[in-house]
Amino acid sequence: GALLNPFNQAAALTADIRLAPRISADLGAGAFFNSIIFANTKGESYRGLRLRAGFKYHLVIEDASTFYIGAEGKHQDIKHIHYKEVFRQGLQYRESLSLKRTVRTSGAALRIGWQYHFGKNLRWILEQSLGMGMDVNQVSQLLPPDAELVPEERFINFELPEGRSQRLALLYSIHIGVLLW
């Protein structure tokens, strides 16, 4: 499936495994391959790995649909190459440099969702979920020893700050799948 995030485009493969009549586990792996916000200039890139695992408790089970509550954990490891304005040699001059950032995020969230089965023999699944949790981010950036970032004045800045930070994570997901057995 594709993650519907306008900032970070990704593709993922996920398995939902029924452990008991009302309990299932889901495991997924994917890759970020672009970002229209963070890598929109030639020579910039935003790529990385995404891992996800969770469980679901199905509250309502009907012939073609289920409603569930659950929890999920995630880990993302992103390599980001982008251009930034920096001061060099003690603020003597300013230049644009291609810098490498690493963004590692781990998080956990509670979620509610709905699965709808459709198609011949009800083998296709449309799943939607909403959730809220917490992300912990570790961001590092490689700068030359004599470089200092030029402060950016933005009304809204989506870029995570360097170092360790935490933030509220709001989830909305849509998955389309097929039952294999």
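Residue positions are given per chain, counted from 1 along the sequence in the order it is written. Per-residue local features are limited, in this predicted model, to residues with pLDDT of at least 70; the limit for side-chain atom pairs, both in listing and counting, is 80 or more; totals at the level of whole chains, interfaces and linings are taken over all residues. Side-chain numbers come from the whole structure's heavy atoms, not from hydrogens or water.

(A) Local environment of the nonpolar core. Here, nonpolar core means buried Ala, Val, Leu, Ile, Met, Phe, Trp, Tyr and Cys residues that are tied together by side-chain atoms lying within 4.5 Å of each other. Working definition: with a 1.4 Å probe on protein chains only, accessible area under 20% of the residue-type maximum means buried, over 50% means exposed, and in between means partly exposed. Core analysis: the biggest nonpolar cluster contains 9 residues, these being Ala-10, Phe-32, Phe-38, Ala-39, Tyr-46, Ile-78, Val-103, Val-139 and Leu-160. Contact definition: two residues touch when any of their heavy atoms are within 4.5 Å. Here Ile-78 is in contact with Phe-32, Tyr-46, Arg-47, Gly-48, Arg-101, Thr-102 and Val-103, once residues within four sequence places are set aside.

(B) Inspection of the pairing of strand 6 (residues 124–142) at higher detail. For two strands to be treated as a pair, DSSP must find at least two bridges joining them. A run of H or I in DSSP counts as a helix once it spans at least four residues, and a run of E counts as a strand once it spans at least two, with each numbered from the N terminus. For strand 5 (residues 93–118) and strand 6, the ladder comprises 19 bridges, and the chain directions are antiparallel. In the strand pairing of strand 6, Ile-112 is matched with Leu-130. Once strand 5 ends, the chain turns through 5 residues before running back antiparallel as strand 6, passing Gly-119 with a positive phi of about 85 degrees. Here 16 bridges tie strand 6 to strand 8 (residues 163–178), and the two strands are oriented antiparallel to one another. Bridged to Met-134 within strand 8 is Leu-168.

(C) Spotlight on the side chain of Glu-159. Looking at the element boundaries, Glu-159 is found in the loop between strand 7 (147–149) and strand 8. Definition of a polar contact: a pair of N or O atoms within 3.5 Å, with one able to donate and the other able to accept a hydrogen when the atoms are protein atoms, and with sequence-neighbouring residues admitted only if both atoms are side-chain atoms. At 3.3 Å, the side chain of Glu-159 forms a polar contact with the side chain of Lys-84.

(D) The packing of aromatic side chains, seen in detail. Here the aromatic set is Phe, Tyr and Trp, taking the six-membered ring for Trp, and pairing holds for ring centres within 6.5 Å; pairs whose planes are under 30 degrees apart are stacked, those over 60 apart are edge-to-face, and all others are tilted. Going through the model one piece at a time under the given rule, you end up with 3 aromatic pairs. Aromatic ring contacts, followed pair by pair, group Trp-114, Tyr-116 and Phe-118 into a single cluster. Whether a charge sits over a ring comes down to the Lys NZ or Arg CZ being within 6 Å of the ring centre and within 35 degrees of the ring normal. Directly above the aromatic system of Tyr-68 lies the positively charged group of Lys-56, at a separation of 4.9 Å from the ring centroid.

(E) A look at unusual backbone geometry. For Gln-89, which is not glycine, the phi torsion reads 45 degrees and is therefore positive. Inspection of the secondary structure puts Gln-89 in the loop between strand 4 (65–88) and strand 5. When its relative accessible area of 42% is taken as the criterion, Gln-89 is described as partly exposed.

(F) Geometry of the pattern of salt bridges. By convention in these notes, a salt bridge is any Lys or Arg side-chain nitrogen within 4 Å of a carboxyl oxygen on Asp or Glu. Across all of its chains, the model carries 15 salt bridges by this definition. For Arg-111, the salt bridge identified is with Glu-72, shortest N-O distance 3.1 Å. Here Arg-111, found in strand 5, pairs with Glu-72, found in strand 4; they are 39 residues apart in sequence, far enough to count as distant. Each of Asp-26, Arg-52, Glu-72 and Arg-111 takes part in a single network of salt bridges with overlapping partners.

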